[in-house]
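Structural description and commentary
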Amino acid sequence: MAAEASKALPSEWVRLNVGGKLFMTTRTTLCKFENSFLCRLCQDDPALPTYKDETGAYLIDRDPEYFSPVLNYLRHGKLCCNEGVSLQAILEEAEFYNLASLVSQLKEKLSGNSADDEDGDKAVVYRVLSCREAELTQMLSTMSRGWKCEQVIPVNHSFSQAPVNTEFLIVVSRTCEQQPISPFAGQSDKLSKTT
């Protein structure tokens, strides 16, 4: 009887048998998106016929290689997958599991419009702005679209109690299209004429 008790999972934990591979996760993770297949599955939705294997794991007839990134997305909110795994196949899984936010993220990534593409066609541009303490709030709240604040650095900060008009440096960044421009662009004609 003690052996049976040690095999029992707390009610928060769920076993999934996806294509013959066992996964364990929590109901909270699976129910991150209410209308998803996985949420309905672990809530024993009567409109969704379910089957369990001999260990009590829910049987799901899908490819485990593509389920793993889906489960990690539910855990972390980010798409993380091994190199060489087909994004198109993960998209099929996301559609099957009814995960609209993952579907849109994958479609964006597949179309090449993703902000986190690592294919080298994006560049991060940094700028350093200077302002006084009285201007700091307005400067940060009216930042242009696409720019984000990376760091605020007090320059002449005093630890005394006397009021000081502190100056700040604000480091901002923006991701933009990389334009291959030579530092000598437009000068090649001048150089060839002088030789």
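Preceding this paragraph is the structure being described.
Every value quoted in this text rests on a predicted model; they were computed, and no experiment measured them.

So, on to the side chain of T26. Among the secondary structure elements, T26 is positioned in strand β2 (residues 21-26). Of note is the side chain of T26, whose polar atom sits 3.0 Å from the side chain of T29. For T26, the residues in contact, after removing those within four places along its chain, are E12, W13 and V14.

As a further point, take the sheet that holds β2. On the basis of which strands lie adjacent, the open sheet formed by three strands has the order β2-β1-β3 and mixed pairing. Two strands in the sheet have a free side with no partner beyond their single neighbour: β2 and β3 (58-60). On average, each strand axis in the sheet is tilted by 30° relative to the strand beside it, whichever way the strands run. Two elements, strand β1 (residues 13-18) and β2, share six bridges in a ladder whose sense is antiparallel. Looking at the pairing, N17 lines up with L22 of β2. The sheet strands contacting helix α4 (residues 64-76) are β1 and β2, and the helix crosses β2 at an angle near 10°.

We now examine the nonpolar core. Core analysis: the largest hydrophobic core is formed by 30 residues, its most contacted members being L16, L38 and Y97. Residue assignment for this core shows that the elements contributing at least two residues are β1, α3 (37-42), β3, α4, α5 (87-96) and α6 (100-111). In terms of residue count, the dominant contributor to this core is α4 (six residues). Ignoring any residue separated from it by four or fewer positions in sequence, one finds L38 in contact with L30, I60, F67, L74 and Y97. Judged by nonpolar contacts, the second largest core, of five residues, contains C131, F168, I170 and V172.

Quick look at the packing of aromatic side chains now. Following the criterion strictly, the structure yields six aromatic pairs and no others. Ring centres of F33 and Y73 lie 6.3 Å apart, and the angle between their planes is 10°; this geometry places the pair in the stacked category. Highlighted residues: F33 in the loop between α2 (27-30) and α3 and Y73 in helix α4, separated in sequence by 40 residues. With relative accessibility at 28%, the residue F33 sits in the partly exposed group. Taking the relative accessible area as the measure of exposure, Y73 reaches 6% and is therefore buried.

In this section: the environment of V103. Following the sequence through the fold, V103 ends up in helix α6. Residue classification places V103 among the buried positions, given a relative accessible area of 12%. With 10 residues separating them in the primary sequence, V103 and E93 have C-alpha atoms 8.9 Å apart. Among residues more than four places away in sequence, those in contact with V103 are L91, A94 and E95.

Packing of α4 against α5 brings their axes to within 9 Å, and their N-to-C directions diverge by 65°. With respect to α5, the element α4 is oriented roughly perpendicular. In this structure, α4 crosses over α5, and the sense of that crossing is right-handed. On α5, the residues that touch Y66, P69 and V70 of α4 are A89, I90, E93 and A94.

So, how was this worked out
- Residues numbered from 1 in each chain as written.
- Predicted model: local features only at pLDDT ≥ 70, side-chain atom pairs only at ≥ 80, totals over all residues.
- Heavy atoms only, no water.
- Helix = DSSP H or I, 4+ residues; strand = E, 2+ residues; numbered from the N terminus.
- Polar contact = N/O pair within 3.5 Å; in protein donor to acceptor, adjacent residues only side chain to side chain.
- Contact = heavy atoms within 4.5 Å.
- Pairing = 2+ DSSP bridges.
- Axes fitted to C-alpha atoms, helices over the stretch in contact; angles between N-to-C directions.
- Core = buried A, V, L, I, M, F, W, Y, C linked by side-chain atoms within 4.5 Å.
- Buried < 20%, exposed > 50% of the residue type's maximum accessible area, 1.4 Å probe, protein only.
- Phe/Tyr/Trp six-rings, centres within 6.5 Å; stacked < 30°, edge-to-face > 60°.
- Parallel < 35°, antiparallel > 145°, perpendicular 65-115°, else oblique.
- Left-handed = near helix turned anticlockwise from the far one by under 90°.

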